[in-house]
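Breakdown of the fold
What follows is the residue order along each chain.
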Amino acid sequence: MAANGLLDRRLFLKRGLAFATAAPLVAAADEPWLTTPGAPFTNYGQPSPHEKGVVRWISANAAVPGNGISWTPLHELEGTITPTGLHFERHHNGVPQIDPARHALLVHGEVERALEFSMPALLRYPRESTIFALECGGNSNAGWQDKPIQAAAGYFHGLVSCSEWTGVPLRLVLAEAGVTSGAAWIVAEGADAFGMTVSLPLEKALDDCLLALYQNGERLRPEQGYPLRLVVPGWEGVLNVKWLRNLKVAREPVMARNETSKYTELMPDGRARQFTFVMDVKSLLTSPSHGMHLDAHGLYELSGLAWSGRGRITKVEVSADGGQTWADAELGHPVLPRAFARFRAPFDWQGQRAVLQSRATDETGAVQPARAALVAARGTQGYFHYHAIVSWALAADGTVTHTYVDALPAPAAQGQGFDAPWE
Ligand SMILES: Nc1nc2c(c(=O)[nH]1)N[C@H]1C(S)=C(S)[C@@H](COP(=O)(O)O)O[C@H]1N2
Ligand SMILES: [Mo]
């Protein structure tokens, strides 16, 4: 049994919570929507004006506004599918406004026949769909900093979003072009004014990559690569080339900027990691999370997201005492490989200080590491692939802040004005 307020995950099934009030809160019958006809139909729906604060948070280069990121507000969302308009963005040189009639995909290089596909031609091919969490390799990289960043969960970990992507399996197009023996890589290039170029092992290209035309049922949004995007399930976001125009089959990787000067990382032993494609097992509590406030004592449902580029999440554990004791969280179903899994656990808060954490395990047996273990293995020169356990400090007054509890020799040394409950 886990300590410090964590309860059995089936608790909510067994007992009512009695948060509703017996007396009416609002005077019924005089609200206008009860008596006058509602608004007419709209061609494309929008969220309620009361939800207009739920937006992507933009962090872009002031001199080059098209270079930067916008974050998915993970802390304000529920379930496992990210609304398309809130999918995170990473653009290196803005969002090109492409006329699909003037766009084509060229497949060439180590092939028997070079081919060009117009968008209408590609739309004739059979399609497949896959739901997965697309994550930037640089997501959560504030975690490498010495001090815990004080930012909402989505503005720290929100360079990940989960969508259904539909398109033509890349293997069909490669089979038609006829890949020649000796080919081992694909070099993909986008039609933006950055000319994003990446190398992808041919084996992955033939396995489960898609030439995506649709996202969450509709044609891609311009921000997500309209009219055509390469989709590489479970691998670094950078490989998912947007506005895809060129696929060159090759014997060697092209050694472009984003696989040499970026995405190649020095480790403490002096060696460097390169082509670290797969996104690691990861999780975080989204509710409560940094910046939230527990207003009253009593029962709360802890909730969060877990995912792994390697496959299905098999287990998420939660802790309320900074990782000293753990309890299994309930996983929402279905749990799809490489997609967001929603986990939940009941928590009884009676004003005790707590450090709330989650720890995910995937079907390959990979377990999300503690921050100290990740930093020990990878050093402090890292920029990409930060996936350590996330710790939220819950203070006696109900405020929730980000902390590095597991990285510290003694909780008292952290200088956050936070006294750990086990001291
Ligand atoms: N053509 C092109 N493709 C691109 C990029 C880009 O700037 N240009 N950014 C890459 C990076 S680093 C990431 S993390 C993902 C982001 O995809 P999104 O903007 O749909 O979230 O797209 C990748 N594909
Ligand atoms: Mo990225």
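Now for a look at the structure at hand. (Residues numbered from 1 in each chain as written. Chains lettered and ligands numbered in written order. Predicted model: local features only at pLDDT ≥ 70, side-chain atom pairs only at ≥ 80, totals over all residues. Heavy atoms only, no water.)

**Side note on the nonpolar core**
- Counting 54 residues, the largest nonpolar core has Leu 122, Leu 200, Leu 211, Leu 230, Leu 244 and Leu 247 as the members making the most contacts within it.
- If you tally residues by element for this core, the top one is strand β10 (residues 210-215), at five residues.
- Grouped together as the second largest cluster of nonpolar side chains are 39 residues, Leu 74, Leu 285, Leu 302 and Ala 354 included. (Core = buried A, V, L, I, M, F, W, Y, C linked by side-chain atoms within 4.5 Å. Buried < 20%, exposed > 50% of the residue type's maximum accessible area, 1.4 Å probe, protein only. Helix = DSSP H or I, 4+ residues; strand = E, 2+ residues; numbered from the N terminus.)

**Thoughts on the site of ligand 1**
- Near ligand 1 you find 20 residues, and of these Phe 88, His 92, Asp 192, Arg 229 and Lys 242 are the closest.
- In this structure, an oxygen atom belonging to ligand 1 sits 2.7 Å away from a side-chain N or O atom of His 92.
- Compared with its free state, where it exposes 540 Å², ligand 1 has 100% of that area covered by protein.
- Here the shell around ligand 1 gets three residues from one element, more than from any other, and that element is strand β3 (residues 89-91).
- Residue classes in the shell around ligand 1 are distributed as seven nonpolar, seven polar and six charged. (Near = heavy atom within 4 Å. Polar contact = N/O pair within 3.5 Å; in protein donor to acceptor, adjacent residues only side chain to side chain. Areas by Shrake-Rupley, 256 points an atom, 1.4 Å probe, with all protein chains shown as cover. Nonpolar A, V, L, I, M, F, W, Y, C, P; charged D, E, K, R; others polar.)

**Let's talk about the sheet that holds strand β20 (residues 330-331)**
- Taken in spatial order, the four strands line up as β16-β17-β21-β20 in an open sheet, and their pairing is antiparallel. The open sheet has two edge strands with one neighbour each: β16 (282-287) and β20.
- Relative to strand β21 (residues 341-349), strand β17 (residues 298-307) is paired through nine bridges, and the arrangement is antiparallel. Opposite Gly 304, over in β21, you have Phe 343 as the bridge partner. (Pairing = 2+ DSSP bridges.)

**Description of the sheet that holds strand β9 (residues 197-201)**
- Strands sit in the order β5-β4-β13-β8-β9 across an open sheet of five strands; the sheet is mixed. The sheet is open, and its two borders are formed by β5 (115-118) and β9, each paired with just one other strand. Here the average twist between neighbouring strands, direction ignored, is 20 degrees.
- Sheet contacts for helix α5 (residues 170-177): β4 (104-109), β5, β8 (185-190) and β13 (244-250); angle to β5, the most-contacted strand, approximately 140 degrees. (Axes fitted to C-alpha atoms, helices over the stretch in contact; angles between N-to-C directions. Contact = heavy atoms within 4.5 Å.)

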